Amino acid sequence: MNLAAMDPKNYDAQLQQKRIKLEQAFANFNPPALEIFASEPMHYRMRAEFRMWHEGDDLYYYMFDKALNAKVRCDQYLPAGLLINQMMAAIIEELKPNPALRHKLFQIDFLSTLSGEILVSLLYHRQLDDEWRDQATQLKAKLATQFNVNIIGRARKQKIDLDKDFVVESLTVNQQALQYKQIENSFTQPNAKVSVKMLEWAIDATKQSQGDLLELYCGNGNFTIALAQNFNRVLATELAKPSVDAAQYNIAINKVDNVQIIRMSAEDFSDAMAKKRQYRRLEGIDLDSYDCNTIFVDPPRAGIDSETLKLVQGYERILYISCNPETLKDNLLTLSKTHEVSRFALFDQFPYTDHMESGVLLVRR
């Protein structure tokens, strides 16, 4: 992390540098004009993690600054949402004089929402006991006079939830409120306002769709819930059990009735679609009954494996969200043989860093 680079005055210039870099990297695919979705220049992150430094009676957050090659004290953190910054200040004052809560505390993680809920995870290099639970319960009660807060304690092979281990975010997408269960220690989009722009772009890119949608790597159903309105049915896959459970919760809370989630890896699902293997998890699901002309993929940084790429190539329209331009470019070398890029977008999820989130809509040539 280069803390000196986090200057809101330089945000627009840094975004333009990303635009130029992305346009140059994908020029050979002849994409249309790049659609750019900017972030707020400060207080945009809904989650943050800090290491803790103990110095006598003092206790403070720190981060490692690569540019300085040193740890830097962080009493406040510009990228983090206002709610996280408020909680950072409030909780540290309670922890400093409390031996039961600060002893061998080495990290604090924050997960917050635009809707005002925050989850605080305290991580320790020791086992937690009844005294810790009692003191943490008192801490939560005190903070609850100001915040809608939940607290979790973590140690090696130990996790203590005082209440629950998730928050429920509410995002307004095209004037519609969508609810999302976000579980501690699981993936969620860090920049909520840019996430809304991504959802609205994906809805717009698929608004003329017909038939059903196949989605791979659906996570907690972030895109699934939003895109369901554009299709008769949605068949979605995800491997991580916590994410599948959250997706099922989100389907129910948003009253979406045309989505089926399968807990499978993209690789196994590709084998099932190719009739290479039969899977018990697909019993009772008639894959042949789905009329999918569109496939949506939001893969991990490694991109799409070769076998899944063959499956993806079989669809008329491919909506691809990528957190890694390098693997997207590599996958497009294959996909561009049969499809052309009809929309191209940059979503600035991570200001002041080299990370770029991008989206492409591909249509069969």
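What you see is a predicted model; the values in this text were computed from it and never measured. (Residues numbered from 1 in each chain as written. Predicted model: local features only at pLDDT ≥ 70, side-chain atom pairs only at ≥ 80, totals over all residues. Heavy atoms only, no water.)

### Things to note about the layout of surface pockets
(1) Moving on: Size it by volume and the largest pocket reaches roughly 970 Å³.
(2) Moving on: If you trace the largest pocket, you find 44 residues lining it, with Arg47, Phe187, Thr188, Gln189 and Cys323 closest to the centre.
(3) Moving on: For the lining of the largest pocket, the class distribution of residues is 22 nonpolar, 13 polar and 9 charged.
(4) Moving on: A volume near 430 Å³ is recorded for the second largest pocket.
(5) Moving on: Residue lining of the second largest pocket: 23 residues in total, with Arg45, Arg47, Ala48, Glu49 and Asp109 positioned closest to the centre. (1 Å grid on protein atoms, 1.4 Å probe; cavity = no way out; pocket = protein on both sides within 12 Å on 5 of 7 lines; lining within 4 Å. Points joined across faces, edges and corners; volume = space filled by probe spheres on them. Nonpolar A, V, L, I, M, F, W, Y, C, P; charged D, E, K, R; others polar.)

### Regarding empty space enclosed by the protein
(1) Moving on: Under the definition given, this model contains 1 cavity of 30 Å³ or more.
(2) Moving on: Of the voids in this model, the largest cavity is the one considered here, and its volume is about 40 Å³.
(3) Moving on: In this structure, the largest cavity is lined by Lys181, Gln182, Ile183, Ser186, Phe187, Thr188, Asn220, Pro242, Ser243 and Ala246.
(4) Moving on: Listing elements by their share of the lining of the largest cavity, those giving two or more residues are β10 (176–183) and α7 (241–253).
(5) Moving on: Among the residues forming the lining of the largest cavity, the class breakdown is 4 nonpolar, 5 polar and 1 charged. (Helix = DSSP H or I, 4+ residues; strand = E, 2+ residues; numbered from the N terminus.)

### Some words on the sheet that holds strand β1 (residues 35–37)
(1) Moving on: With respect to topology, 8 strands assemble into an open sheet ordered β1-β16-β17-β15-β14-β11-β12-β13, the strand pairing being mixed. Because the sheet does not close on itself, it has two edges, and the strands there are β1 and β13 (259–263). In this sheet, neighbouring strand axes are inclined to one another by 15° on average, regardless of whether the strands run parallel or antiparallel.
(2) Moving on: As defined by bridge partners, strand β11 (residues 212–216) adjoins strand β14 (residues 292–297) across 5 bridges and the pair is classed as parallel. (Pairing = 2+ DSSP bridges. Axes fitted to C-alpha atoms, helices over the stretch in contact; angles between N-to-C directions.)

### Overview of the side chain of Asn150
(1) Moving on: Tracing the backbone through its elements, the reader meets Asn150 in strand β7 (residues 148–155).
(2) Moving on: Its relative accessible area of 3% is what places Asn150 among the buried residues.
(3) Moving on: With residues near it in sequence (within four places) discarded, Asn150 still touches Glu117, Ile118, Leu119, Val120, Lys140, Asp163, Lys164 and Phe166. (Buried < 20%, exposed > 50% of the residue type's maximum accessible area, 1.4 Å probe, protein only. Contact = heavy atoms within 4.5 Å.)

### Remarks on helix α5 (residues 192–205)
(1) Moving on: Taking 1.5 Å per residue as the helical rise, α5 with its 14 residues ought to reach 20 Å, and the 20 Å between its terminal C-alpha atoms agrees with that figure.
(2) Moving on: Taken together, the buried positions of α5 are Ala192, Val194, Ser195, Val196, Met198, Leu199, Trp201, Ala202, Ile203 and Ala205. (Expected span 1.5 Å × (residues − 1).)

### Brief notes about the side chain of Thr113
(1) Moving on: Of note, Thr113 is situated in the loop between β5 (105–112) and β6 (117–124).
(2) Moving on: We classify Thr113 as buried; its relative accessible area is 5%.
(3) Moving on: At a separation of 3.1 Å, a polar atom in the side chain of Thr113 contacts the side chain of Ser115.
(4) Moving on: Polar contacts involving the side chain of Thr113 include one to the main-chain amide nitrogen of Glu117, which spans 2.9 Å.
(5) Moving on: Here Thr113 is in contact with Met46, Leu83, Val167, Val168 and Glu169, once residues within four sequence places are set aside. (Polar contact = N/O pair within 3.5 Å; in protein donor to acceptor, adjacent residues only side chain to side chain.)

### Details of the packing of helix α9 (residues 306–313) against helix α10 (residues 325–335)
If you want to describe how two helices pack, look at the angle between their axes and the distance between the axes.
(1) Moving on: Direction vectors running N to C along α9 and α10 enclose 55°, while the axes themselves pass 10 Å from each other. Classed by the angle they form, the pair α9 and α10 counts as oblique. The interaxial crossing formed by α9 with α10 has right-handed handedness. Facing α9, whose interface residues are Leu309, Val312 and Gln313, α10 presents Asn331, Thr334 and Leu335.
(2) Moving on: Along the lines of polarity and charge, the residues of the contact of α9 with α10 split into 3 nonpolar, 3 polar and no charged. (Parallel < 35°, antiparallel > 145°, perpendicular 65-115°, else oblique. Left-handed = near helix turned anticlockwise from the far one by under 90°.)

### Thoughts on the UniProt feature "active site" (unreviewed entry) in the protein
(1) Moving on: Mapped onto the present numbering, the UniProt feature "active site" (unreviewed entry) falls at Cys323 and Glu357. Spanning 35 residues, the annotated positions come together in the fold, the maximum distance between their C-alpha atoms being 4.5 Å. Restricting the annotated residues just mentioned to those that line the largest pocket leaves Cys323 and Glu357.
(2) Moving on: If you trace the backbone, Cys323 turns up in the loop between β15 (317–322) and α10.
(3) Moving on: The contacts of Cys323, once residues within four sequence positions are left out, are Pro299, Pro300, Arg301, Met356 and Glu357.
(4) Moving on: Mapping Glu357 onto the fold places it in strand β17 (residues 357–364).
(5) Moving on: Leave out the neighbours within four places in its chain, and Glu357 touches Gln189, Met198, Ile321, Ser322, Cys323, Ala345, Leu346, Phe347, Gln349 and Phe350. (UniProt positions renumbered as here; feature names shortened; annotations may be inferred.)

### Some points on the nonpolar core
(1) Moving on: Judged by nonpolar contacts, the single largest core of 77 residues is most densely connected at Tyr61, Ile91, Phe110 and Leu216.
(2) Moving on: Top contributing element to this core by residue count: helix α2 (residues 82–95), with 8 residues.
(3) Moving on: Excluding residues within four positions of it along the chain, Ile91 makes contact with Tyr61, Phe110, Val120, Leu122, Leu139 and Leu143.
(4) Moving on: Counting residues in hydrophobic clusters, the runner-up holds 36 residues, among them Val196, Trp201, Ala228 and Val244. (Core = buried A, V, L, I, M, F, W, Y, C linked by side-chain atoms within 4.5 Å.)

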